[in-house]
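Below are the chains, spelled out letter by letter.
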Amino acid sequence: MGEEMMKVHFVLHETFEVPGAYLKWAQERGHQVTTTKVYENEALPETVDEIDFLIVMGGPQSPDEDREAFPYYDPQAEIELIQKAMKADRYIVGVCLGAQLLSVAYGAKYEHSPEREIGVFPVTLTPEGLKDPHVGEFGETLETGHWHGDMPGLTEDAVVLATSQGCPRQMIRFSPKHYAFQAHLEFDPEAVDLLIAADGEAVLEDQSQNLTFVQKPEAIRAYDYREMNAKLFAFLDSLTN
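Residues numbered from 1 in each chain as written. Predicted model: local features only at pLDDT ≥ 70, side-chain atom pairs only at ≥ 80, totals over all residues. Heavy atoms only, no water.

**Points about empty space enclosed by the protein**
Summed over all chains, the structure comprises one cavity of 30 Å³ or more. Empty space within the largest cavity amounts to approximately 30 Å³. Every residue lining the largest cavity is listed: Phe-16, Glu-17, Val-18, His-184, Glu-186, Phe-187, Ala-191 and Leu-195. Of the residues belonging to the lining of the largest cavity, the class tally is five nonpolar, one polar and two charged. (1 Å grid on protein atoms, 1.4 Å probe; cavity = no way out; pocket = protein on both sides within 12 Å on 5 of 7 lines; lining within 4 Å. Points joined across faces, edges and corners; volume = space filled by probe spheres on them. Nonpolar A, V, L, I, M, F, W, Y, C, P; charged D, E, K, R; others polar.)

Here it is as structure tokens:
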């Protein structure tokens with residue numbers, strides 16, 4: 001086990017899209033954590049000199065410019081930071097919006113997912129996923145959190161590692177150190193409470209009646225996220241060792 005201290009940098013888009021188990025992992029492993037809170041208009045790092053591992057989290061945004069709805073959000077600047085990390089051979093994990101931004105940084109076009117997914121649903125590993133040195137440890141299927149309507153794009157070299165019934169691109173490897181997770185393995189009780197509040201209890205209740213892959217708020221709250229978080233820890237340990 002390589003127990004060296006790493007500098008882990010988080011890009012956070014909203015108060016209600018928290019890094020959950022990603023942050024807990026970094027803290028428990030004794031890594032140094034820095035963050036850019038985009039929603040507080042904090043500037044992104046100019047270089048990746050002080051970053052060993054870049055983790056770009058989710059948000060309600062898309063990888064397109066939307067200054068009106070989100071005046072603090074500059075996707076182009078984030079894509080450039082991701083590309084600097086790519087060139088410098090740093091570890092990168094993109095989650096949800098971050099996964100889509102990583103795909104765009106690689107030259108792909110993000111797309112809308114066939115289905116909106118909110119709640120906890122199983123993902124199934126592809127044959128490539130089962131062979132992946134880090135994701136393969138998940139086993140054939142695992143329950144993961146979901147909260148999205150978009151999904152990452154694919155490049156010629158991108159490898160789809162996991163799919164779900166509602167979305168064909170749940171986990172993608174863009175290179176040996178660069179992974180995109182449309183799924184949220186980092187969810188915990190605090191994270192889902194914040195998301196439910198942000199979307200609105202009644203809205204989700206309503207969507208759960210009409211959309212196949214949207215769960216009721218009480219089901220999302222009742223789920224035990226510890227196993228999913230443990231699997232995320234195992235992936236992150238494997239990736240960085």
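**Focus: the side chain of Glu-17**
Following the sequence through the fold, Glu-17 ends up in the loop between β1 (7-12) and α1 (20-28). Buried charge Glu-17 goes without a salt bridge, the closest partner of opposite sign being Arg-116 at 8.9 Å. Not counting chain neighbours up to four residues away, the residues in contact with Glu-17 comprise Leu-12, Gly-58, Gly-59, Pro-60, His-184 and Leu-195. (Helix = DSSP H or I, 4+ residues; strand = E, 2+ residues; numbered from the N terminus. Buried < 20%, exposed > 50% of the residue type's maximum accessible area, 1.4 Å probe, protein only. Lys, Arg positive; Asp, Glu negative; His and termini not counted. Salt bridge = Lys/Arg side-chain N within 4 Å of Asp/Glu carboxyl O. Contact = heavy atoms within 4.5 Å.)

**Here's the deal with the packing of aromatic side chains**
Evaluated as defined, the whole model comprises eleven aromatic pairs. A centroid spacing of 5.1 Å and a plane angle of 20° characterise the contact between Tyr-106 and Phe-174, whose relative ring orientation is stacked. Of this pair, Tyr-106 sits in the loop between α3 (97-105) and β5 (111-125) while Phe-174 is found in strand β8 (residues 171-175), placing the two residues 68 residues apart along the sequence. Where Tyr-223 meets Tyr-225, the ring centres are 5.1 Å apart and the plane angle is 65°; that geometry is what we call edge-to-face. Under the relative-accessibility criterion, Tyr-223 is labelled partly exposed at 28%. Above the ring of Tyr-91, the side-chain terminus of Lys-177 is found at 4.8 Å from the ring centroid. (Phe/Tyr/Trp six-rings, centres within 6.5 Å; stacked < 30°, edge-to-face > 60°. Lys NZ or Arg CZ within 6 Å of the ring centre and 35° of its normal.)

**Comments concerning the pattern of salt bridges**
Counted under the stated rule, the structure contains 14 salt bridges. Where Arg-169 meets Glu-111, a salt bridge forms, and the shortest distance between an N and an O atom there is 3.0 Å. Remark: Glu-111 occurs in strand β5 and Arg-169 occurs in the loop between β7 (159-163) and β8; sequence separation between them is 58 residues. Relative accessible area serves as the criterion here: at 35%, Glu-111 is assigned to the partly exposed category. Asp-193 is paired through a salt bridge with Arg-221; the nearest N and O atoms lie 2.8 Å apart. Remark: Arg-221 occurs in helix α7 (residues 217-222) and Asp-193 occurs in helix α5 (residues 189-199); sequence separation between them is 28 residues. Relative accessible area serves as the criterion here: at 36%, Asp-193 is assigned to the partly exposed category. One continuous salt-bridge network, built from bridges that share partners, spans Glu-65, Arg-67 and Asp-74.

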